[in-house]
Amino acid sequence: MTTSLFVGNIAYGAMEKEIRDLFAQHGTVQNVRFIMDLRKGRFKGYGFVTMPNQDAVVAVRELDGTEFQGRTLKVKEARASVDADRRSA
DNA sequence: GTTGAGCGTT
């Protein structure tokens, strides 16, 4: 039972570890995926965090709109979710 | 050598 969260407006200098640690403060982080530009290999500035459904809801509520490394984070349930685990959130 | 709304690499 996990939910994929879309995380946007991440600072270009941020690291997956920092996002994972940030989300871990509000729940159990199952996985963190930073989206890189496959052509240039640069960070696109957004990523996805997978958490248990209940923790994901809390994380969105607690982290969406908050500041992270000078940028206002955008946290929301992912749309193009490869995982169909948004059933019991 | 850059940038700033969005929905992803196995």
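Coordinates for the structure precede this section.
What counts and what doesn't
- Residues numbered from 1 in each chain as written.
- Chains lettered and ligands numbered in written order.
- Predicted model: local features only at pLDDT ≥ 70, side-chain atom pairs only at ≥ 80, totals over all residues.
- Heavy atoms only, no water.
- Helix = DSSP H or I, 4+ residues; strand = E, 2+ residues; numbered from the N terminus.
- Buried < 20%, exposed > 50% of the residue type's maximum accessible area, 1.4 Å probe, protein only.
- Pairing = 2+ DSSP bridges.
- Axes fitted to C-alpha atoms, helices over the stretch in contact; angles between N-to-C directions.
- Contact = heavy atoms within 4.5 Å.

Below, the discussion takes up unusual backbone geometry. In this structure, Asn 9 takes a positive phi of about 65° despite not being glycine. With respect to the helices and strands, Asn 9 occurs in the loop between β1 (2–8) and α1 (16–24). The partly exposed category is assigned to Asn 9, whose relative accessible area is 34%. Even without being a glycine, Gln 69 presents a positive backbone phi close to 55°. Mapped onto the elements, Gln 69 comes out in the loop between β4 (67–68) and β5 (71–72). Judged by its relative accessible area of 39%, Gln 69 is partly exposed.

What follows covers the sheet that holds β1. Pairing within the open sheet is antiparallel, and its 4 strands lie in the order β2-β3-β1-β6. Strands with a single pairing partner mark the edges of an open sheet, and in this sheet they are β2 (31–36) and β6 (74–77). Taken over all neighbouring pairs, the strand axes of this sheet differ in orientation by 25° on average, direction set aside. Against the sheet, α1 engages β1, β2, β3 (43–52) and β6, with an angle of about 140° to β2. Across the sheet, helix α2 (residues 53–63) is in contact with β1, β3 and β6; its angle to β3 comes to roughly 135°.

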